[in-house]
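What follows is the residue order along each chain.
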Amino acid sequence: MNQFRFSRRPDIGDKIKVSFEFFPPKNDEMEARLWETVTRLEPLQPKFVSVTYGAGGSTRERTARTVKRILSETTLTPAAHMTCVDASRDEVDAVIQEFAGMGVTRFVALRGDPAEGVGAAYRPHPGGYANGAELVGALKGAGDFDISVSAYPEKHPESPDFATDIDMLKRKVDNGATRAITQFFFDNDLYERYVERARRAGIYIPIVPGILPVHNFTQVANFSARCGALVPAWLAERFDGLQKDPQTHALVASAVAAEQVLDLVERGVGDFHFYTMNRADLVVAVCHMIGIRSHEAETAGSAAA
Ligand code: FAD
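Starting from 1, residues in each chain are numbered consecutively following that chain's sequence as written. Since the coordinates come from a predicted model, pLDDT governs what is reported: local features require at least 70, and pairs of side-chain atoms require 80 or more to be given and counted, while whole-chain, interface and lining totals use all residues. Side-chain numbers here rest on the full set of heavy atoms in the structure, without hydrogens or water.

### A few points about the overall build of the chain
Step number 1: Each helix is a run of DSSP H or I of at least 4 residues and each strand a run of E of at least 2, with the numbering of both proceeding from the N terminus. The helix and strand tally for the chain stands at twelve helices and eight strands.
Step number 2: Against the globule reference of 19 Å for 305 residues, the chain gives a C-alpha radius of gyration of 19 Å, in line with a compact fold.
Step number 3: If one aligns the C-alpha atoms of the chain with their principal axes, the spans along those axes are about 60 × 45 × 40 Å.
Step number 4: Residue contacts are defined here by distance: any two heavy atoms, one from each residue, within 4.5 Å place the two residues in contact. Long-range contacts, defined here as pairs at least 24 residues apart, represent 79% of the contacts in the chain between residues at least 6 apart.
Step number 5: Per element, the accessible surface of the chain, about 14,700 Å² overall, is 51% carbon and sulfur.
Step number 6: Positive and negative side-chain charges of the chain, numbering 34 and 40 respectively, have mean locations separated by a distance of 2 Å. Computation of the radius of gyration draws on C-alpha atoms, with the globule rule given as 2.2 Å multiplied by the number of residues to the power 0.38. Residue burial considers only the protein chains on display, and all accessible areas are found by Shrake-Rupley using a 1.4 Å probe. Charged-residue counts in this description rest on Lys and Arg as positive and Asp and Glu as negative, His and the chain ends being excluded. By convention, charge coordinates are those of NZ in Lys, CZ in Arg, CG in Asp, or CD in Glu.

Structure, rendered in C-alpha cells:
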C-alpha cells in the first residue's frame with residue numbers, strides 16, 4: 001500500500017456511490033448530534049441513508065420519527081431498517097404500511113437479534129416471519145420497494161458453515177432482495193472471497209461492503225468478538241496506546257478506513273455503506289479521499305487553484 005498505488009484518479013469520485021447508516025437517537029442531545037451529522041453528510045449526496053431498528057421493535061417509534069424527519073427536512077432518500085423480532089406477521093405488515101404511507105420506498109430487511117442481545121438463542125415469533133428471507137418476501141408482496149439485506153463476509157455466527165450462510169443470502173435474493181450490505185470487516189481478502197462464493201452460488205446482486213470507521217477501538221474490538229468479525233493483529237497494533245489520546249486515535253482511524261476503502265476501490269468496488277455511528281468526521285474524511293466532495297468543497301477547491 002503506498003500513496004502512488006492509491007493516488008486518486010480524477011474520475012473515481014464520479015463512479016463511486018456511498019450510503020450512510022444512522023441509528024435513531026435516544027434523547028435530545030443525541031438527536032442534536034445526529035442532525036449535525038446529517039447536515040454535514042447531506043452535501044455528499046449519498047444514494048440513500050438508512051436508519052436502524054432496535055431489537056424487538058424497541059425503536060419503532062424513534063426509527064419512524066427519524067425517517068419522517070429525513071423525508072421532510074432533507075433531500076436525502078431514507079431506507080428504513082426492519083426486523084422480525086418478537087412481532088407477528090400482522091404487526092410487521094402494519095409497520096411496512098406505516099413506512100410506505102410516509103413515502104418510504106427503500107428498506108433494509110433483517111431477521112434481527114433476540115431482545116436479550118447478540119448471542120442469545122433466536123426464537124422466531126410463532127406467528128411471525130422466521131428470518132430475513134421471509135421478511136423480504138413480505139416486503140416484495142407489499143410494494144415495489146428497493147430491498148437491501150445483510151451479508152456476512154466471515155459468515156453469520158449462527159451459520160454452521162459458509163454454504164448455509166450463502167444459502168440464506170440466496171433465499172433473500174430469490175425472494176426479491178436488490179442489494180446486500182455486509183457486516184463490517186477489516187480484512188478485504190475475506191470480503192473478496194465471500195463475494196466470489198456468492199457469485200459461484202448464482203448470486204449477482206451488488207454486495208456492498210459495510211465500512212466501520214473505528215471511533216473507539218476498544219468498543220469495536222468487543223463488539224467484533226460478539227458478532228464474529230475478525231480484528232486483525234495489525235489493526236490492534238495501529239490503535240495500541242491511543243485510548244487516552246482521542247485526537248491521534250481519530251487521525252489513525254481515518255487513515256485506516258481510507259486505506260481499507262482505497263484498497264477496495266483498487267479491487268473494483270464502487271459502492272460503500274458507512275456505519276457512521278451518527279458521527280460525520282471520519283466519514284467525511286474517507287469520502288474526500290475517494291473523491292466524494294460536497295458541491296461547496298469543490299467550489300472552494302477550484303477557487304483556490
Ligand atoms: P438472516 O439473514 O435471516 O440470517 C442470518 C444468518 O443466520 C444466515 O446466514 C443463516 O445462515 C443463519 N441462520 C438464520 N437462521 C438460522 C437457523 N434457524 N439455523 C441456522 N442458521 C440460521 N439488527 C437490528 O436489530 N436492527 C438493525 O437495524 C440491524 N441492521 C443491520 C444492518 C446490516 C447491514 C447488518 C449486516 C446487520 C444488521 N443488524 C441489525 C444485525 C442483524 O439483525 C443480526 O446480525 C441478526 O443476528 C441476523 O439478522 P439477518 O437479517 O442477517 O438474519
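And the narrative resumes.
### Regarding the packing of helix α2 (residues 28-41) against helix α3 (residues 60-73)
Step number 1: In the contact formed by α2 and α3, the axes pass within 13 Å of each other and the chain directions differ by 35°. Considering only the axes of α2 and α3, their crossing is right-handed. Mapping the contact onto sequence places E31, L34 and W35 in α2 and T66, R69 and I70 in α3. To define axes, lines are fitted to C-alpha atoms, for helices over the stretch in contact only, and angles between the resulting N-to-C directions are given on a 0 to 180 degree scale. Note on convention: the crossing is left-handed when the near helix lies turned anticlockwise from the far helix by less than a right angle, right-handed when the turn is clockwise.

### Structural notes on helix α11 (residues 281-289)
Step number 1: Buried means the residue's accessible area, taken with a 1.4 Å probe over protein chains only, is under 20% of the maximum for its type, while exposed means over 50%, and partly exposed covers the values in between. Of the positions making up α11, those classed as buried are L282, V283, V286 and C287. Summarising the axial view, the buried residues of α11 lie within an arc of 130°, below the 170-degree limit, and thus occupy one face.
Step number 2: In this fold, the buried residues of α11 make contact with β1 (17-22), α2, α10 (246-266) and β8 (271-275).
Step number 3: Phi turns positive, to about 90°, at G291, one or two residues after α11. Within this analysis, the arc is defined by the directions that extend from the helix axis to the C-beta atoms.

### Some words on the environment of A138
Step number 1: Relative to the helices and strands, A138 is located in helix α5 (residues 132-142).
Step number 2: Dropping the residues within four chain positions of it, A138 is found in contact with D93, I96 and Y129.

### What about the site of the ligand?
Step number 1: Consider each residue's heavy atoms; a residue with any of them within 4 Å of a molecule or strand counts as near. Taken together, 22 residues lie near the ligand, and Y53, D113, S150, Y152 and K172 sit nearest.
Step number 2: Polar contacts here mean pairs of N or O atoms no more than 3.5 Å apart (in protein, one a potential hydrogen donor and the other a potential acceptor; neighbouring residues in sequence count only if both atoms are side-chain atoms). A distance of 2.6 Å is found between an oxygen atom of the ligand and a backbone nitrogen or oxygen belonging to R111.
Step number 3: Between the ligand and the protein, one listed contact pairs an oxygen atom with a side-chain N or O atom of Y152 at 2.6 Å.
Step number 4: For the shell around the ligand, the secondary structure elements donating two or more residues are α6 (162-174) and β6 (179-184).
Step number 5: Top element by residues in the shell around the ligand is α6. It accounts for four residues.
Step number 6: The residue classification treats Ala, Val, Leu, Ile, Met, Phe, Trp, Tyr, Cys and Pro as nonpolar and Asp, Glu, Lys and Arg as charged. All others, Gly included, are polar. Looking at the shell around the ligand residue by residue, the class counts come to six nonpolar, eleven polar and five charged.

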